[in-house]
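# Chain and residue survey
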Amino acid sequence: MYKWMVKICLAVVLGVAAVTMAAQDAFPESVQDGVVIVRFADLTRPGTLRFEQMLAAFDEINQPYIVIEAQIRDQRDAAQTADRYNALALLDGFQTRDGSFRMRVTWGTRAAQLLLSNTSAVAEDVLEETLTLTPDMPVSFVSDYVRGNVFYVLADDENARRFLELAYLSLPRGKELESEALQLFVTYGIILNRFREYRQTLEVIDFAIQLDPSFAYSYFVQARALRFTGRLNQALESINRALELRDNVLYHNEKGRIYIVSEEYALAEAAYNRALEIDPNNAVALSGLGDVAYFSGDVEGSIPFFIRSAEADPTHTYALYSWAYSLYDLARLKDAQSVVLRALEVDPEYTNAVLLYADILWAQGQNTAAAEQYRLYLNLGGEMYDYITERIR
């Protein structure tokens, strides 16, 4: 019998129509974060109790789910079952002789499309995720793990970080690898990078690399954290390892950025050109070539690359900001203002763009308007510079 386990109070908060405990054929369209749980096979009596405790942990954090009785043969079957119930993912597993639960999370088509920003994506485009709940791990590990990954798919970084951190911290110290939760460590590492927690990223991603040394993306996450902590030689080693495993645009772009920070512009140019061989309209690679020109002293020559990048992806705010910055350096203030405002239309809280807009207004003699933008920049967490204080004063 199917169970609908989301609490009515959560339904009201999320704007989701309240659903009773009656059997459900599928999640309503209004439910964006539901998962299907296949009742685990061959449970002992203690295992049955533990399974029910696991479901209670899902209830505790208001994770919508449906429990079904089914035989899942493979990843394709799992993904199709998730799609049939309009679920983001399907969780199934079994109990081992030592009392552990071994599980896999299989993402559905909708999750793949959200995660990859590609309406043509199918579930098979996304890795299924394996995890183990050993007897010394709290049952809440599974619910926190799933909930954190659901929020990640839905692009809610704040809540993704919250639940993935709970899952990570619940693992017994020194036994993290027993969880087998490769994607916990990878996804949590990605989120930590976004929140500039680079040293913690390196700790977490190391578990992913130990679990699967052949998974290229882990080395990309590691390389980015190493770059931001100034360990450029190690960052280069990590990204080269990723490229040995997979020839990927993302990895070439990261290599280009490492070389730019190292001021090795010819090598950066080669990395970005390789990315463009794979994807001729890649906005990040095009803006990278703009940076190569700019930092090499060819400010005028950087502009065509930034324009091409913005044309390839009008939401790529870095390209718009960099284009505006080059115009500002060339004293083309009116043009610079027009372009930086385009960046701020896409992201009104892009701190560097707010600062550049303030500088442009000040250079045009619009001191009061500039001071307002400087205050906004500081309110957004921008770094304080002496000249900003003087201009606001």
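Residues numbered from 1 in each chain as written. Predicted model: local features only at pLDDT ≥ 70, side-chain atom pairs only at ≥ 80, totals over all residues. Heavy atoms only, no water.

## Side note on the pattern of salt bridges
Applied cut-off: We define a salt bridge as a contact between a side-chain nitrogen of Lys or Arg and a carboxyl oxygen of Asp or Glu at a distance within 4 Å. Going along the chain from the N terminus, every DSSP run of H or I of four or more residues is numbered as a helix, and every run of E of two or more is numbered as a strand. Type-normalised accessible area, obtained with a 1.4 Å probe on protein chains alone, sets the label of each residue: buried when under 20%, exposed when over 50%, and partly exposed for intermediate values.
This structure, assessed with the given rule, holds 22 salt bridges. Here Arg161 and Glu197 are joined by a salt bridge, their closest N and O atoms 3.5 Å apart. Here the residue Arg161 occupies a position in helix α6 (residues 157–170), and Glu197 occupies one in the loop between α7 (182–194) and α8 (198–211), the gap between them amounting to 36 residues. Here Arg161 falls in the partly exposed class, since its relative accessible area comes to 22%. For Glu254, the salt bridge goes to Arg227, with nearest N and O atoms at 2.7 Å.

## Brief notes about the nonpolar core
Rule in force here: Here the nonpolar core consists of buried residues drawn from Ala, Val, Leu, Ile, Met, Phe, Trp, Tyr and Cys, with membership extended through side-chain atoms lying within 4.5 Å. Residue contacts follow a heavy-atom distance rule, with two residues in contact if any of their heavy atoms lie within 4.5 Å.
Counting residues in each nonpolar core, the largest one holds 82 residues, and the members touching the most others are Ile37, Met103, Trp107, Phe141, Val142 and Leu184. Among residues more than four places away in sequence, those in contact with Trp107 are Ala79, Leu88, Ala89, Ala123, Val126, Leu127, Glu129, Asn149, Val150 and Val153. Residues Trp323, Leu327, Ala343 and Tyr350 belong to the second largest nonpolar core, which totals 27 residues.

## A word on the packing of aromatic side chains
Where we set the bar: By convention, a stacked pair of Phe, Tyr or Trp rings (six-membered ring in the case of Trp) has centres within 6.5 Å and planes under 30 degrees apart, an edge-to-face pair has planes over 60 apart, and any other such pair is tilted. For a Lys NZ or an Arg CZ to count as sitting over a ring, it must be within 6 Å of the ring centre and within 35 degrees of the ring normal.
Under the defined criterion, the tally for this structure stands at 21 aromatic pairs. Seen in terms of ring centroids, Phe151 and Phe163 are 5.8 Å apart; in terms of plane orientation they differ by 20 degrees. Their pairing is stacked. With Phe151 in helix α5 (residues 140–153) and Phe163 in helix α6, the pair connects residues that are 12 residues apart, well separated along the chain. Judged by its relative accessible area of 11%, Phe151 is buried. Ring geometry for Tyr385 and Tyr387: centres 6.2 Å apart, planes at 20 degrees, overall stacked. Among the residues examined, Tyr385 registers a relative accessible area of 33% and is labelled partly exposed. Feature note: the residues Tyr265, Tyr294, Phe295, Tyr318, Tyr321, Tyr325, Tyr328 and Tyr350 constitute an aromatic cluster, connected by ring pairs. Between the NZ or CZ atom of Arg50 and the centre of the ring of Phe101, over which it lies, the distance is 5.7 Å. It is Arg173 that lies over the ring of Tyr168; its NZ or CZ is 5.0 Å from the centre.

## What about the layout of surface pockets?
Keep this limit in mind: Buried and open spaces are told apart on a 1 Å grid over the protein atoms alone, a cavity being a set of points where a 1.4 Å probe fits but cannot get out and a pocket being an open set with protein on both sides within 12 Å along at least five of seven lines. Residues with an atom within 4 Å of a point are the lining residues. Grid points are joined across faces, edges and corners, and a volume is the space filled by probe spheres set on the points. Residue type decides the class: Asp, Glu, Lys and Arg count as charged, Ala, Val, Leu, Ile, Met, Phe, Trp, Tyr, Cys and Pro as nonpolar, and the leftover types, Gly among them, as polar.
Taken as a whole, the second largest pocket encloses approximately 260 Å³ of empty space. Of all elements in the fold, only β3 (89–95) and β4 (101–107) reach the threshold of two or more residues within the lining of the second largest pocket. For the lining of the second largest pocket, the residue count by class is 7 nonpolar, 3 polar and 5 charged.

## What about the sheet that holds β3?
Sheet strands pair by backbone hydrogen bonding; their relative direction is either parallel or antiparallel. Keep this limit in mind: When DSSP finds two or more bridges between a pair of strands, those strands are recorded as paired. Angles run from 0 to 180 degrees between N-to-C directions of axes, and those axes are lines fitted to C-alpha atoms, restricted for helices to the stretch in contact.
If you walk across this open sheet you meet the 5 strands as β2-β1-β3-β4-β5, and the pairing is mixed. Edge strands, defined here as strands with exactly one partner in the open sheet, are β2 (65–68) and β5 (129–133). Adjacent strand axes in the sheet meet at a mean angle of 20 degrees when their direction is disregarded. Two strands pair when backbone bridges link them, and strand β1 (residues 35–38) and β2 are joined in this way by 4 bridges, in the parallel orientation. Bridge pairing in β2 places Val38 opposite Ile68. α5 contacts β1, β3, β4 and β5 of the sheet and is inclined by roughly 155 degrees relative to β5.

Read these as layout, nothing more, since geometry by itself doesn't imply function.
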